[in-house]
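Observations on the three-dimensional arrangement
Here is what each chain is made of, one letter per residue.
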Amino acid sequence: MKRTASLWIILAGILWGIMGIFVRKLETYGFTSIQIASMRLIGGAVIFLIVTAIFDRKKLRINPRDMGLFIGMGVCSILLFTVCYFTTISMASLSVAAILLYTEPIMVMLMSLVLFHEKLTIRKGIALLMAFAGCILVTGIGGEMRVSALAAVIGLLSGFGYGLYSIFGTYALRKYPPLTATTYAFLCGGIGALLVCRPDDMVSKVRTSGEPGIVFGLMIMMAFFTAVLPYLFYTIGLSATKASSAAIMASVEPVVATIAGVLVFHETMTVASAIGILLVLGAIVLLNLAPETDTNSAAVAENDGTVI
């Protein structure tokens, strides 16, 4: 697990990076950003419950006292950061929203220093700066940039909420295997999403789309490929690596999003974007040059070594 943890996390970032393809297509049917985000959560919750119930019902057993951890992962993290992220997009440019979201590694590192007593090594600090600088270049921020105070605060909240998944997940993985933790995180997040997505309006848009089968198929694929698989992969990787390192490695997401934009939507790849991609990839390589003492290894041991 320790040897493959980085691979799981990077795979998660790659799958998160293709989310824009589904988002742009669903927007053409009139769905709002909040509704699209809710599709991921609700669809992910349903898929996780079905898969877990069929293949290993024992993993649905939890201590009710630990429900707070899953509410933290699902509502305080996944739902919060998604709503804040899409709200920022509506108030500022996509590049501004993306870079505020990717303050997440900084948030996680600061929280990990306090909660898990992780040491801020020189190597990790350099990797963090490389990843953050790379994200700035990849998103194309340059020249004069005006952002309202409210947009900045909500954008920073998206990064904070994103980072909470690694924090709550680290605690949850000390008691439960990744499949259990991710299933209940999405169950809690899905319930929360139902309160903000206006389900009646979503059903109406599907019916009047003229292509209900295609719309429903896009929902399922988006939930599976940008929610179920990446969150499961990330949680598996998180069980065998430090939260701060995992957050930095997941920064591959905006790199993949940029490449997807070039290949699928024929967007222009600038020199700055190319340099940013190299910086993010370099940060990931730097983090994996030498093994670190793993503060989360207890998660695997206490789960009898079970992954899924």
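The coordinates are above.
Residues numbered from 1 in each chain as written. Predicted model: local features only at pLDDT ≥ 70, side-chain atom pairs only at ≥ 80, totals over all residues. Heavy atoms only, no water.

**Points about the overall build of the chain**
Assigned secondary structure in the chain consists of 15 helices and zero strands. For the chain, with 308 residues in total, the buried portion stands at 51%. Looking at the chain alone, contacts between residues at least 24 apart form 88% of all its contacts between residues at least 6 apart. Summed over all atoms, the accessible surface of the chain reaches about 13900 Å², with 70% contributed by carbon and sulfur. (Helix = DSSP H or I, 4+ residues; strand = E, 2+ residues; numbered from the N terminus. Buried < 20%, exposed > 50% of the residue type's maximum accessible area, 1.4 Å probe, protein only. Contact = heavy atoms within 4.5 Å. Areas by Shrake-Rupley, 256 points an atom, 1.4 Å probe, with all protein chains shown as cover.)

**Topic: the nonpolar core**
One recurring pattern in soluble globular proteins: nonpolar side chains tend to sit buried together. Core analysis: the largest hydrophobic core is formed by 67 residues, its most contacted members being F70, F186 and Y234. Apart from residues no more than four positions distant in its own chain, F70 is found in contact with I62, V75, A172, Y176, T180, A181, Y184, A185 and C188. Within the second largest apolar cluster, 15 residues are counted, among which are F22, V23, I36 and M222. (Core = buried A, V, L, I, M, F, W, Y, C linked by side-chain atoms within 4.5 Å.)

**Some remarks on the environment of V206**
The topology assignment puts V206 in helix α10 (residues 199-207). A sequence separation of 10 residues divides V206 from F216, and the C-alpha atoms of the two residues are 7.7 Å apart.

**Quick word on helix α11 (residues 212-238)**
The end-to-end C-alpha distance of α11, which contains 27 residues, comes to 37 Å, matching closely the 39 Å that a straight helix rising 1.5 Å per residue would cover. Helix geometry: α11 is bent most strongly at F224, by close to 35 degrees. (Expected span 1.5 Å × (residues − 1). Bend = angle between axes of the 7 residues up to and from the residue.)

**Description of the packing of helix α8 (residues 149-172) against α11**
One can describe the packing of α8 onto α11 by two numbers: an axis separation of 10 Å at closest approach and a directional angle of 60 degrees. Taken as axis vectors, α8 and α11 run oblique relative to one another. As for how α8 packs across α11, the hand of that crossing is right-handed. Here Y165, S166, G169 and T170 of α8 lie close against α11, whose contacting residues are Y231, Y234, T235 and L238. Looking at side-chain class alone, the contact of α8 with α11 contains four nonpolar, four polar and no charged residues. (Axes fitted to C-alpha atoms, helices over the stretch in contact; angles between N-to-C directions. Parallel < 35°, antiparallel > 145°, perpendicular 65-115°, else oblique. Left-handed = near helix turned anticlockwise from the far one by under 90°. Nonpolar A, V, L, I, M, F, W, Y, C, P; charged D, E, K, R; others polar.)

**Some remarks on the pattern of salt bridges**
In a structure, side chains of opposite charge can pair up when their charged atoms sit close to one another. Taken as a whole and judged by the stated rule, the model has four salt bridges. For E118, the salt bridge is made with K124, and the minimal N-O distance between the two is 3.3 Å. Between K205 and D201 there is a salt bridge, with its nearest N and O atoms 3.1 Å apart. Separated by four residues within a single helix, K205 and D201 lie in helix α10, roughly one turn from each other. For D201, a relative accessible area of 17% corresponds to the buried category. (Salt bridge = Lys/Arg side-chain N within 4 Å of Asp/Glu carboxyl O.)

**Topic: unusual backbone geometry**
Positive phi, close to 55 degrees, is recorded for H117, a residue that is not glycine. With respect to the helices and strands, the residue H117 is situated in the loop between α6 (104-115) and α7 (122-138). According to the relative accessible area criterion, H117 is exposed, its value standing at 64%.

**Topic: the packing of aromatic side chains**
Scanning the model with the defined rule gives 13 aromatic pairs in all. Judged by centre distance (5.0 Å) and plane angle (45 degrees), the rings of W8 and F233 are tilted. One end of the pair, W8, is in helix α1 (residues 5-17); the other, F233, is in helix α11, with 225 residues separating them in the sequence. Of the residues examined, W8 reaches a relative accessible area of 26% and is grouped as partly exposed. Look at F224 and F225: their rings are 5.1 Å apart centre to centre, the planes differ by 85 degrees, and that puts the pair in the edge-to-face class. Taken together, the ring pairs in this structure connect W16, F48, F81, Y162, Y165, F186, Y231 and Y234 into an aromatic cluster. (Phe/Tyr/Trp six-rings, centres within 6.5 Å; stacked < 30°, edge-to-face > 60°.)

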